[in-house]
Amino acid sequence: MELPKGGRPEGPVEGVYYIDTGDCELIADQDNSTGWLLRINGVMSSHIDLADPLFLDFEYMRWMAALLESRWPPESHPKLRGLHLGGGACSLARYFSAAYPDARQVVVELDGKLAEYVRGWFDLPKAPLLRIRVGEARAVTETLTPDTRDFIIRDVFAGALTPRPLTTSEFNDHVQRVLAPGGVYVVNSGDGPDLKNAREDAATIAASFKHTVIIADPAMLKGRRYGNMVMAGSDLPFDDDPRLARRLLGGAVPAHIWDDAKVRAFAAGAPVRHDPAAPDPAASDPEAPVPEPPTTEPPTPEPSTPVTFLAPVTPGTSNPNPPSVAP
């Protein structure tokens, strides 16, 4: 399907829709009459319950919400400022708008057409409570004012992995600059059984932040399947909150939380990711010299042998043309 230019959908309708980066599919949840699933370019991305913004169907989103609510209990009514890198259906942003009515949030979404669809489908809170900014996540983060966000969530994928520019130590420097004191950086790290990507993610976050945690189910932590780990970093310690531990264990997929010491042990030996080094003009090879034109004179041609014209020989007579030698 494709809406007219400038048009917005009025409520969700099942189907495949053209977006700027490919296509997305809106699927009715067969187990929930008010639920909708969003698949982007063949990968399941989000779930929304139109009747209950506090319902999160994806486990890793529930873990993220539990971690942030452990630091800022909703009953204390904090006026949180949040930044979501990666939008999808804006499930988490919609959740936090309901849990923290005074929150101000910005969702950065690369696909402008998808952002229009999501606004029309899912009745999201209006600006300034929730703004969707179309742009590339790193480029937008680099422009933000220091100390202006209490939490930043990175949930951006290209296929199975997060684009590398959003996983480096240099990008984490931008995140730290934008976070207010005591702020929390939370990432969704996807990986397979070898856990190579997860260890590098953990090593890079641990190198950038004083305090870290990892939340995941035991099978994922032991490298037994492909799945998601929630990692977080902060300049303040994460409290040893027994309520958080119980909440994580009580979900449909029970999860464990690793403290900073376990995170650093898990990441030991993994490389810290960095941006590619910029080329140094002074160290570049000089241009190859233009070859000089040849200075040798062209070779002198060999003298030609003179042509001797012979008189015809009459049969029965002597040869009137004795052999001659060229001068």
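Residues numbered from 1 in each chain as written. Predicted model: local features only at pLDDT ≥ 70, side-chain atom pairs only at ≥ 80, totals over all residues. Heavy atoms only, no water.

Colleague: Any chance you could break down the overall build of the protein chain for me, citing the residues and the numbers?
Modeller: Within the protein chain, the secondary structure is distributed over 9 helices and 12 strands. Considering only intrachain contacts with a sequence separation of at least 6, the fraction spanning at least 24 residues in the protein chain is 67%. Of the roughly 17800 Å² of accessible surface on the protein chain, a fraction of 57% belongs to carbon and sulfur atoms. (Helix = DSSP H or I, 4+ residues; strand = E, 2+ residues; numbered from the N terminus. Contact = heavy atoms within 4.5 Å. Areas by Shrake-Rupley, 256 points an atom, 1.4 Å probe, with all protein chains shown as cover.)

Colleague: Describe the sheet that holds strand S1 (residues 15-19), with residues and values.
Modeller: Pairing is antiparallel in the open sheet, where 4 strands are placed in the order S1-S2-S3-S4. What marks the edges here is a single partner per strand, and that holds for S1 and strand S4 (43-49). Put simply, the sheet's adjacent strands are angled 25° from each other on average, direction ignored. Packed on one face of the sheet, helix H3 (residues 112-122) meets S1, strand S2 (22-28), strand S3 (35-40) and S4 and runs near 140° to S1. (Pairing = 2+ DSSP bridges. Axes fitted to C-alpha atoms, helices over the stretch in contact; angles between N-to-C directions.)

Colleague: Summarise the side chain of Asp 150; cite the residues concerned and give the values.
Modeller: Position of Asp 150 among the secondary structure elements: in strand S8 (residues 149-154). When its relative accessible area of 13% is taken as the criterion, Asp 150 is described as buried. (Buried < 20%, exposed > 50% of the residue type's maximum accessible area, 1.4 Å probe, protein only.)

Colleague: Hey, could you go over helix H5 (residues 169-178) for me, with residue numbers and the actual values?
Modeller: Turning to H5, its buried residues number three or more, namely Ser 169, Phe 171, Asn 172, Val 175 and Val 178. The buried residues of H5 occupy an angular sector of 165° when the element is viewed end-on, so they sit on one face. (Arc of directions from axis to C-beta.)

Colleague: For the pattern of salt bridges, give the residues involved together with the corresponding values.
Modeller: For the structure on display, the rule yields 13 salt bridges. Here Asp 201 makes a salt bridge to Arg 273, at a shortest N to O gap of 2.9 Å. Taken together, the residues Asp 201 in helix H6 (residues 196-208) and Arg 273 in the segment after helix H9 (260-267) connect sequence positions 72 residues apart. Take Asp 201: its relative accessible area is 3%, and that puts it in the buried class. Given a relative accessible area of 5%, Arg 273 falls into the buried group. (Salt bridge = Lys/Arg side-chain N within 4 Å of Asp/Glu carboxyl O.)

Colleague: Mind laying out the nonpolar core, listing which residues take part and the relevant values?
Modeller: In this structure, Leu 85, Ile 152, Tyr 185, Ile 214, Met 229, Met 231 and Phe 266 are the most contacted members of the largest nonpolar core, which totals 33 residues. Here the element with the most residues in this core is H6; it accounts for 4 residues. Formed by 32 residues, the second largest nonpolar core is a distinct cluster that contains Tyr 60, Met 64, Leu 92 and Phe 151. (Core = buried A, V, L, I, M, F, W, Y, C linked by side-chain atoms within 4.5 Å.)

Colleague: Pulling in residues and values, what's your account of the sheet that holds strand S11 (residues 227-234)?
Modeller: Pairing is mixed in the open sheet, where 8 strands are placed in the order S7-S6-S5-S8-S9-S11-S10-S12. The outermost strands of the open sheet, each flanked by one partner alone, are strand S7 (130-134) and strand S12 (256-258). Each strand of the sheet is rotated relative to its neighbour by a mean of 15°, with strand direction disregarded. Lying over the sheet, H3 contacts strand S6 (104-109) and S7, oriented at roughly 155° with respect to S7.

Colleague: Would you mind going over the environment of Val 187 in detail, with residue names and values included?
Modeller: Looking at the secondary structure, you find Val 187 in strand S9 (residues 179-191). A relative accessible area of 0% means that Val 187 is categorised as buried. In this structure the C-alpha to C-alpha distance between Val 187 and Ile 205, which are 18 residues apart in sequence, comes to 9.5 Å. Filtering out sequence-adjacent residues up to four positions away, Val 187 remains in contact with Met 64, Arg 154, Ile 205, Met 229, Val 230 and Met 231.

Colleague: Hey, could you go over the packing of aromatic side chains for me, with residue numbers and the actual values?
Modeller: When we look at a pair of aromatic rings, we describe it by the centre distance and by the angle of the planes. Taken as a whole and judged by the stated rule, the model has 10 aromatic pairs. Taking 5.5 Å as the distance between ring centres and 90° as the angle between the ring planes, the aromatic pair formed by Tyr 95 and Phe 96 counts as edge-to-face. A single burial state applies to Tyr 95 and to Phe 96, both of which are buried. Aromatic rings pair up to connect Tyr 17, Tyr 117, Trp 121 and Phe 122 into one cluster. (Phe/Tyr/Trp six-rings, centres within 6.5 Å; stacked < 30°, edge-to-face > 60°.)

Colleague: Lay out helix H1 (residues 59-71) in plain terms, naming residues and giving numbers.
Modeller: For H1, built from 13 residues, the straight-helix expectation of 18 Å at 1.5 Å per residue is met to within 8% by its first-to-last C-alpha distance of 19 Å. If you check which residues of H1 are buried, you get Glu 59, Tyr 60, Met 61, Trp 63, Met 64, Ala 65, Ala 66, Leu 67, Leu 68, Glu 69 and Ser 70. (Expected span 1.5 Å × (residues − 1).)

Colleague: How would you explain the packing of H1 against helix H2 (residues 91-99) if you had to name every residue and give the values?
Modeller: In the contact formed by H1 and H2, the axes pass within 11 Å of each other and the chain directions differ by 35°. The chirality of how H1 crosses H2 is right-handed. Two secondary-structure elements touch here, H1 through Met 61, Met 64, Ala 65, Leu 68 and Glu 69 and H2 through Ser 91, Leu 92, Tyr 95, Phe 96 and Ala 99. (Left-handed = near helix turned anticlockwise from the far one by under 90°.)

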